[in-house]
Amino acid sequence: MADKKRRTKVYVIDDILSFRAMLDTLVGQDDDLEICGMAADAESALEDIDWHQPDIILLDQTLPGMDSLAFLDALKDHWHGTHVVMISLSGDQGMHVCQAALGKGAVACFDKSRLIRNAGEFITLMDELREGCIRPDWHDGKAVILSDRETGVCALKADRQG
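These lines cover the structure that appears in this document, whether it is placed above or below. (Residues numbered from 1 in each chain as written. Predicted model: local features only at pLDDT ≥ 70, side-chain atom pairs only at ≥ 80, totals over all residues. Heavy atoms only, no water.)

**Digging into the overall build of the protein**
Then, number 1: Secondary structure summary: the protein contains seven helices and six strands in total.
Then, number 2: Taking all 162 residues of the protein together, the buried fraction comes to 46%.
Then, number 3: Put simply, of all contacts in the protein between residues at least 6 apart along the chain, 66% involve residues at least 24 apart.
Then, number 4: Carbon together with sulfur atoms contributes 50% to the accessible area of the protein, which is approximately 8400 Å² in total. (Helix = DSSP H or I, 4+ residues; strand = E, 2+ residues; numbered from the N terminus. Buried < 20%, exposed > 50% of the residue type's maximum accessible area, 1.4 Å probe, protein only. Contact = heavy atoms within 4.5 Å. Areas by Shrake-Rupley, 256 points an atom, 1.4 Å probe, with all protein chains shown as cover.)

**A closer look at the state of the cysteines**
Covalent bonding between the sulfur atoms of two cysteines is what defines a disulfide.
Then, number 1: Here the structure, examined in full by the defined rule, presents one disulfide.
Then, number 2: Here Cys98 engages in a disulfide with Cys109; their sulfurs sit 2.3 Å apart. Its torsion about the S-S bond being 115°, the disulfide of Cys98 and Cys109 is classed as right-handed. Of the two residues, Cys98 is situated in helix H4 (residues 92-103) and Cys109 in strand E5 (residues 108-111); the sequence distance between them amounts to 11 residues. Just as Cys98 is buried, Cys109 falls in that class too. (Disulfide = S-S within 2.5 Å.)

**Focus on the nonpolar core**
Then, number 1: Ranked by internal contacts, the top residues of the largest apolar core, which has 25 residues, are Leu58, Val85, Phe110, Phe122, Leu125, Met126 and Leu129.
Then, number 2: Counting residues per element, the ones that place at least two in this core are strand E1 (8-13), helix H1 (17-28), strand E3 (56-60), strand E4 (83-88), E5, helix H5 (119-131) and strand E6 (144-146).
Then, number 3: Tallying contributions element by element places H5 first for this core, with six residues.
Then, number 4: Those residues in contact with Phe122, other than ones at most four positions away along the chain, are Leu23, Leu26, Val27, Leu58, Ile87, Phe110 and Leu115. (Core = buried A, V, L, I, M, F, W, Y, C linked by side-chain atoms within 4.5 Å.)

Coordinates in, geometry out; function isn't part of it.
This is how it looks when you write it as structure tokens:
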């Protein structure tokens with residue numbers, strides 16, 4: 001019997017049911033990814049993540065109750081090496097929250113309004129996170145914004161290998 005490759009566990013936090021379903025569909029297109037849990041608010045997610053120990057959390061920017069930035073602060077008490085991708089709004093407010101999220105540990109922000117149009121780039125980002133190597137030159141900066149501390153990871157790996 002062949003060994004089954006471990007799939008990357010993705011946890012979704014978004015208060016809109018239809019958006020959680022859309023993310024479930026997108027993530028489900030990659031055989032190496034699986035949705036391990038979903039929550040409509042940050043408080044419920046914090047209760048769940050110790051059990052699920054996701055590899056990636058997709059975090060909506062705007063949540064009821066505890067906001068996304070407070071969630072990132074609280075996540076530090078539950079950290080399991082999880083990569084957080086903020087699903088952000090476009091515009092000035094979205095950019096402000098995105099930059100704050102990157103400063104609090106998120107590895108990237110993905111523009112919610114471009115998720116369907118740029119589904120391939122979204123899946124590429126998920127694959128890069130799974131591999132532990134984000135390639136900034138594979139992203140044009142329109143749909144995804146990367147953390148400065150993450151963009152050097154591949155260059156360092158390439159230098160060590162070469």
